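Examination of the molecular architecture
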Number of protein chains: 4
Amino acid sequence: MKIAFIGLGNMGAPMALNLLKAGHALNVFDLNAQAVQSLVAAGASAATSPKAASTDAELVITMLPAAAHVKAVLTGEEGILAGIAKNVTIVDSSTIDPASVKAFAELANQNGNTFVDAPVSGGTGGAAAGTLTFMVGGSAQVYEQVKPVLTSMGKNIVHCGDTSTGQVAKICNNLVLGITMAGVSEAMALGVALGIDPKVLGGIINTSTGRCWSSDTYNPFPGVIETAPSTRGYTGGFGTDLMLKDLGLATDAAKLARQPVYLGALAQQLYQTMSTKGAGKLDFSAVIKLYRNDGDA
Amino acid sequence: MKIAFIGLGNMGAPMALNLLKAGHALNVFDLNAQAVQSLVAAGASAATSPKAASTDAELVITMLPAAAHVKAVLTGEEGILAGIAKNVTIVDSSTIDPASVKAFAELANQNGNTFVDAPVSGGTGGAAAGTLTFMVGGSAQVYEQVKPVLTSMGKNIVHCGDTSTGQVAKICNNLVLGITMAGVSEAMALGVALGIDPKVLGGIINTSTGRCWSSDTYNPFPGVIETAPSTRGYTGGFGTDLMLKDLGLATDAAKLARQPVYLGALAQQLYQTMSTKGAGKLDFSAVIKLYRNDGDA
Amino acid sequence: MKIAFIGLGNMGAPMALNLLKAGHALNVFDLNAQAVQSLVAAGASAATSPKAASTDAELVITMLPAAAHVKAVLTGEEGILAGIAKNVTIVDSSTIDPASVKAFAELANQNGNTFVDAPVSGGTGGAAAGTLTFMVGGSAQVYEQVKPVLTSMGKNIVHCGDTSTGQVAKICNNLVLGITMAGVSEAMALGVALGIDPKVLGGIINTSTGRCWSSDTYNPFPGVIETAPSTRGYTGGFGTDLMLKDLGLATDAAKLARQPVYLGALAQQLYQTMSTKGAGKLDFSAVIKLYRNDGDA
Amino acid sequence: MKIAFIGLGNMGAPMALNLLKAGHALNVFDLNAQAVQSLVAAGASAATSPKAASTDAELVITMLPAAAHVKAVLTGEEGILAGIAKNVTIVDSSTIDPASVKAFAELANQNGNTFVDAPVSGGTGGAAAGTLTFMVGGSAQVYEQVKPVLTSMGKNIVHCGDTSTGQVAKICNNLVLGITMAGVSEAMALGVALGIDPKVLGGIINTSTGRCWSSDTYNPFPGVIETAPSTRGYTGGFGTDLMLKDLGLATDAAKLARQPVYLGALAQQLYQTMSTKGAGKLDFSAVIKLYRNDGDA
């Protein structure tokens, strides 16, 4: 299949590589020449603009940092909509707000194209291994159409409903994640301050009603889970500033939907404090530092 | 074994029955004559006071609503310490604050006795079925001593560490639980307001990083989990006022330990609002009503 | 002076009337023909577009609901920048986010014009009476230039600093206001629940360190302040949805500035809950209903 | 008048001195011998116990750190109730929870005495100058009876209502204070981050609807108010740990009264974080440090 791939960052580059490995022909674009060069070395063609990349494409995939980038790449003079053929589908795997997805889908529709939101979870590790989860928003028909291609990059391709529900799913999951991580942090910090061993407390929570991914897989207290970022100084993993971005998307979407998000808005302030104090690059589980008097954050 | 059992409420009565079934001789006390009568009908002896119940006992077990009751039953003129023989152990399965446990253990110690905290999880269903989890705070030696008896009432008997760490474990687990339930509530309410199907959203969270007991076993959105209280009008289950009690113990313990508990304190206000508005008897997952404009709470 | 006035809503219309009274020549525009007609009846000329209104103007004033409207009125094909003469100043009295102000000022500057933010406080009452406070962001020179005109509409014309600081001042003041009103609400509700007379409690707070406008002028407990909206069923005053808009501007600005706003974000959820439950049109002091079991909200 | 005065700490000692100056005969007690010595040097008699101090007294005044101390001093074997004559009134100026006041009043009543709560505001400065505010809970009759004596120590003697309403008034005022200070902190930090001058912002808030004591008298941003602790490194003033104590009393009282206190509970966590990080002795306005990246707290 001839695929245009726009956006070759930490996530996009390994995703594009997996498409090449699966035998697809790729026409790639990125502002970073070095990123383009790596993909060309692996067999892709370099395009001079999103428009040029899209001209012959049978499918267009975008993977960009924020809605403003998607808008520019889509609607600019040298953008996708200026080059793409009628009836070709655009799959956007960026994590952006649902309202923007609806606006972009409308623009694509007016151009004779379908815009599908398909944000991912699984991080750079999942992108490299081809084990991402894709949360797809669009009709059942277009879901069936894009699923085989997405399967080259991920192992779970979930149909979430109509346009923008892929973003809704991702945002709501990460809202829960941001809250549970801060919640587990305060419970672990409290328990240890009250004299219980952190591994014992983790073990009890993990087999009881407090059980959650933030405790049993990614526990923020150092040493409780050997493979968690907390055990290696909060390096690697999912950065505080990325969690902050996703909680920002959640609270913005809540504002538009006129829904209260008490704990989400509060958790956002906790991660914001970490970022303000200079810890934005640490794994988001470092939020436990706010609860402990261990000399930093 | 001759056991004194004080406190035959919704939890204590079925626990005592399981001890009888296991062949223990029970001397029971409760202010509620009818509760005592039921146990006597099942083979227990009725005592006229905690003191009388404890006089011949080889083990004393208490299961009471709050620390004030434990204090009265323990230290009153007709209390346990006035009757119990030296070296007999007292197991308190009430859920109370760790500071009170330490005070009671000190009093017991001065009397020549050991006081073990062993709060439970599993609810009235687990109490009836004998499948409770006991979180035991005390020395390794006393844990080994009481474990065989507790096994007649529960299936997981966990040693949490020294005196009071059983309560610490329970309080910290329920702190996480109270937070995750409110967090899942706001994410489910937000997602549905943004147009995603609640079962689809629940399914994604349950296989992703937002995964938690409050979502995959007890999801607050009606219809997502067939067996959850939300699907039967928030009846049965774990009442809002009970969650409020446990979050109160957590925030009180945090105050004494000088630990911040941002999300726990906020979750407490949400459950308090439910209770203030008259919904204290509903299952605690009814907190989702605060987020939805469905005509009540 | 020949002034173009764009936006004749609840605030804009009385402001424009005061300019007419002061002897200025007004060229007005609004999408609402009836609003235009009222101003024409008072002596203004009707323009067919913002561009037409601005063509001969010596000063342009805009008073619009949100940044999107300001953008459209400024940059549209029939917008202000398409008609305005070089060196003419644009005063925007809308309440919008500081980042948009900076963007609009840049666009105006490229067009040879100065864009001044001058949001107001004082409500529709102050607009009618000509007693508004204007918070002006711009150079000292442009502040001196626009001050005489603004004096026809307000009694305090405050220079806040460079471009956008007028909005910053307004947003930060209303952030404090939204917090203090909710704070006074919970203290009044708590005090009354604990048995103190609301007037006595209000009196003590108003002469002590809790003293604030939300207590001494606008107390949310009915009957404490005779002239407050709380004493007339929370009608009139400053609507919950307007407070919600301003807290949204504050938390959005905080997100961009990477600043935590713990209490502001929480207060936003409280007003959001009021709005979600159908009370968005009530005065914002009705937030006290969340704290009381009086049968509504 | 013969007065027993129990508790000669930072507040009690200057209050007792003012009673001596007013011509009363004082019989004082404190565990700290040096504090007693200072009062004796000023003309007081030293008693060997609260009981001894109270035996001949026509009025008993207590000024102690917490409810536990009041209980001990009142009900101990060598306590006030063991020595006091029938019909003599006890005035407690400690800041404690309303529920304890009611319990103490009941005990006093059984002993033939009246217990009046009369907590103060005004700090050590007001205690020395005799300008304290007394918030008095008790009958109108007993208020009239104690007012002349309290006037020797304070300038505002406010009758708040029945027993315990003095504490309710103080707690509710300080609840508002703790919230407004944190709210002003986040607004000032946000405004400055957005580019406005702190003095300009303070000036606008102080003449607008955000006006409050925490901004116009005690602004937490250094340099805005010359006489505020913020301008002298957050020294002097009202310590963070004292604010934490009062917010703890407020949230505890709210728990008993089954009232939500969203902002109060959150503000408590902010001051707790300050204390946990080692800043408990700084003035409570130092909470602004949580919002700024200035290298500490």
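Residues numbered from 1 in each chain as written. Chains lettered and ligands numbered in written order. Predicted model: local features only at pLDDT ≥ 70, side-chain atom pairs only at ≥ 80, totals over all residues. Heavy atoms only, no water.

Some thoughts on the overall build of chain A
Each helix and strand in chain A was counted, giving 13 helices and nine strands. Computed over its C-alpha atoms, the radius of gyration of chain A comes to 21 Å, within 12% of the 19 Å expected for a compact globule of 297 residues. Principal-axis analysis of the C-alpha atoms places the extent of chain A at approximately 65 × 45 × 35 Å. A buried classification covers 62% of the 297 residues belonging to chain A. Residue pairs in contact within chain A that sit at least 24 positions apart in sequence constitute 63% of those at least 6 positions apart. If you sum the accessible surface of chain A, you get close to 10200 Å²; carbon and sulfur atoms cover 53% of it. Charge separation in chain A, taken as the distance between the mean sites of 19 positive and 21 negative side-chain charges, equals 1 Å. (Helix = DSSP H or I, 4+ residues; strand = E, 2+ residues; numbered from the N terminus. Rg over C-alpha atoms; globule rule 2.2 N^0.38 Å. Buried < 20%, exposed > 50% of the residue type's maximum accessible area, 1.4 Å probe, protein only. Contact = heavy atoms within 4.5 Å. Areas by Shrake-Rupley, 256 points an atom, 1.4 Å probe, with all protein chains shown as cover. Lys, Arg positive; Asp, Glu negative; His and termini not counted. Charge placed at Lys NZ, Arg CZ, Asp CG, Glu CD.)

Points about the UniProt feature "active site" (unreviewed entry) in chain A
All names here are of chain A. Mapped onto the present numbering, the UniProt feature "active site" (unreviewed entry) falls at Lys170. Along the chain, the position of Lys170 falls in helix H9 (residues 165–193). Its relative accessible area of 12% is what places Lys170 among the buried residues. Apart from residues lying up to four places away in sequence, Lys170 is in contact with Thr95, Pro119, Val120, Met135 and Asp246. (UniProt positions renumbered as here; feature names shortened; annotations may be inferred.)

Details of the UniProt feature "domain: 6-phosphogluconate dehydrogenase NADP-binding" (unreviewed entry) in chain A
In the numbering used here, UniProt assigns the "domain: 6-phosphogluconate dehydrogenase NADP-binding" (unreviewed entry) feature to residues 2–161 of chain A. End C-alpha atoms of residues 2–161 of chain A are separated by 26 Å, and the span's content is 43% helix alongside 25% strand.

A look at the pairing of strand E6 (residues 114–117) of chain C
Residues and elements named next belong to chain C. Where strand E5 (residues 89–92) and E6 come together, four bridges link them in parallel fashion. Looking across to E6, one finds that Val91 is bridged to Val116. In terms of handedness, the path from E5 via helix H5 (residues 98–110) over to E6 forms a crossover that is right-handed. (Pairing = 2+ DSSP bridges. Right-handed = clockwise from strand over helix to strand, strands pointing away.)

A few points about helix H8 (residues 165–193) of chain B
Here H8 of chain B is 29 residues long and its end C-alpha atoms lie 42 Å apart, about the 42 Å a rise of 1.5 Å per residue gives. Burial of H8 of chain B is extensive: 27 of the 29 residues sit out of reach of the surface. (Expected span 1.5 Å × (residues − 1).)

Quick notes on the pattern of salt bridges
This structure, assessed with the given rule, holds 20 salt bridges over all chains. One salt bridge connects Lys281 of chain C with Asp241 of chain C, and the closest N-O pair in it is separated by 3.8 Å. Of this pair, Lys281 of chain C sits in the segment after helix H12 (262–276) while Asp241 of chain C sits in helix H11 (residues 240–257), placing them 40 residues apart in sequence. Several salt bridges share partner residues, and in doing so they unite Asp241 and Lys281 of chain A together with Arg258 of chain C into one network. (Salt bridge = Lys/Arg side-chain N within 4 Å of Asp/Glu carboxyl O.)

Topic: the relation of the copies chain D and chain C
For the match of chain D to chain C, the screw axis carries a shift of 0.0 Å, the RMSD comes to 0.1 Å, and the turn is 180 degrees. Accordingly, the operation relating the two chain copies is best matched by a two-fold axis. By C-alpha distance to the rotation axis, the residue of chain D lying nearest is Cys212 of chain D, at 2.0 Å. A high fraction, 100%, of the interface residues of chain D reappear at the interface in chain C, so the copies pair face to face through one surface. (Least-squares fit on C-alpha atoms with pLDDT ≥ 70 in both.)

Observations regarding the relation of the copies chain A and chain B
Once chain A is rotated about the relating axis by 180 degrees and shifted along it by 0.0 Å, it coincides with chain B to within an RMSD of 0.1 Å. Both copies share a contact surface, since 100% of the interface residues of chain A are interface residues in chain B too.

Here's the deal with the interface of chain D and chain C
Contacts between the two partners involve 55 residues from chain D and, on the opposite side, 55 residues from chain C. Summing both partners gives a buried area of about 4700 Å² for chain D against chain C, and 71% of it is carried by carbon and sulfur. In this structure, the connection of chain D to chain C is made through two salt bridges. Between Asp216 of chain C and Arg211 of chain D there is a salt bridge whose closest N-O contact spans 3.1 Å. Put simply, chain D and chain C have 20 residue pairs in polar contact (both at pLDDT 80 or more) between them. Among the secondary structure elements, those contributing two or more residues to the side of chain D that touches chain C are strand E9 (154–161), helix H9 (165–193), helix H10 (198–206), helix H11 (213–216), helix H12 (240–257) and helix H13 (262–276) of chain D. Among the elements that make up the side of chain D that touches chain C, the one with the highest residue count is H9 of chain D (20 residues). Broken down by class, the residue content of the side of chain D that touches chain C amounts to 37 nonpolar, 15 polar and three charged. (Buried area = accessible area lost by both parts, 1.4 Å probe. Polar contact = N/O pair within 3.5 Å; in protein donor to acceptor, adjacent residues only side chain to side chain. Nonpolar A, V, L, I, M, F, W, Y, C, P; charged D, E, K, R; others polar.)

What about the side chain of Asn206 of chain D?
Residues and elements named next belong to chain D. In this fold, Asn206 is placed in helix H10. Of the polar contacts made by the side chain of Asn206, one reaches the backbone nitrogen of Asp216; its length is 3.4 Å. Residues in contact with Asn206, not counting those within four places in the same chain, are Arg211, Ser215 and Asp216.

Things to note about the packing of aromatic side chains
Aromatic rings considered in pairs are described by the distance between their centres and by the relative angle of their planes. If you walk through the whole model with that rule in mind, you get 26 aromatic pairs over all chains. Ring plane angle 75 degrees and centroid distance 6.0 Å describe the contact between Tyr262 of chain C and Tyr291 of chain D, whose orientation is recorded as edge-to-face. You can see Tyr262 of chain C sitting in helix H12 and its partner Tyr291 of chain D sitting in the segment after H13, one on each of two chains. Judged by its relative accessible area of 0%, Tyr291 of chain D is buried. Through a chain of ring-to-ring contacts, the aromatic side chains of Trp213, Tyr218, Phe238, Tyr271 and Phe284 of chain A assemble into a single cluster. (Phe/Tyr/Trp six-rings, centres within 6.5 Å; stacked < 30°, edge-to-face > 60°.)

Overview of the interface of chain A and chain B
Where interface size is quoted, it is often the accessible area lost as the parts come together. In this assembly, 55 residues from chain A lie in contact with 55 residues from chain B. Both faces considered, chain A and chain B share a buried interface measuring about 4700 Å² in area, 71% of it formed by carbon and sulfur atoms. Our enumeration of links across chain A and chain B arrives at two salt bridges. At the junction of chain A with chain B, the criterion picks out 20 residue pairs in polar contact (both at pLDDT 80 or more).

A word on helix H1 (residues 12–21) of chain A
An α-helical segment advances 3.6 residues per turn. Residues three or four places apart therefore align on the same side. Counting buried residues in H1 of chain A gives eight out of 10 residues, a clear majority hidden from the surface. Just downstream of H1 of chain A lies Gly23 of chain A, where phi reads positive at about 95 degrees.

Overview of the nonpolar core
The biggest cluster of nonpolar side chains holds 208 residues, and the ones touching the most others in it are Tyr271 of chain A, Tyr271 of chain B, Tyr271 of chain C together with Tyr271 of chain D. What Tyr271 of chain B contacts, discounting residues up to four positions off in sequence, is Gly178, Met181, Ala182, Thr240, Met243, Leu244, Leu247, Phe284 and Val287 of chain B. (Core = buried A, V, L, I, M, F, W, Y, C linked by side-chain atoms within 4.5 Å.)

Observations regarding the pairing of strand E2 (residues 25–29) of chain C
All names here are of chain C. In the sheet, strand E1 (residues 2–6) pairs with E2 via five bridges, with the strands oriented parallel. Pairing of Ala4 across the sheet is with Asn27, part of E2. Between the parallel elements E1 and E2, the chain passes through helix H1 (residues 12–21) in a crossover that is right-handed. Handedness of the crossover joining E2 and strand E3 (residues 45–46) through helix H2 (residues 33–41) is recorded here as right-handed.

Points about the packing of helix H8 (residues 165–193) of chain C against H11 of chain C
Residues and elements named next belong to chain C. It is the contact of H8 with H11, at a shortest axis distance of 9 Å, that shows an interaxial angle of 120 degrees. In terms of axis orientation, H8 runs oblique to H11. The interaxial crossing formed by H8 with H11 has left-handed handedness. Contact residues: H8 offers Lys170, Ile171, Asn174, Leu175, Leu177 and Gly178, while H11 offers Met243, Asp246, Leu247, Leu249 and Ala250. (Axes fitted to C-alpha atoms, helices over the stretch in contact; angles between N-to-C directions. Parallel < 35°, antiparallel > 145°, perpendicular 65-115°, else oblique. Left-handed = near helix turned anticlockwise from the far one by under 90°.)

What to know about the environment of Leu247 of chain B
In this structure, Leu247 of chain B sits in helix H11 (residues 240–257). Taking the C-alpha atoms as reference points, Leu247 of chain B and Gln269 of chain B, separated by 22 residues in sequence, lie 9.6 Å from one another.

Focus on the environment of His24 of chain D
Relative to the helices and strands, His24 of chain D is located in the loop between helix H1 (12–21) and strand E2 (25–29). Excluding anything up to four places from it in sequence, His24 of chain D contacts Met1, Ile3, Leu19, Val149 and Ser152 of chain D.

Focus: the domain arrangement of chain A
Residue and element names in this part refer to chain A. Partitioning chain A into domains gives domain 1 (2–161) and domain 2 (168–291). Once you take the C-alpha centre of each, domain 1 and domain 2 turn out to be 30 Å apart. Listed per partner, the contact involves 10 residues of domain 1 and nine residues of domain 2. For the pair domain 1 and domain 2, the summed buried surface comes to about 720 Å²; carbon and sulfur atoms form 74% of the total. Taken together, the links from domain 1 to domain 2 amount to zero salt bridges. Linking domain 1 with domain 2 are four residue pairs in polar contact (both at pLDDT 80 or more), by the criterion used here. (Domains from an automatic or database assignment.)

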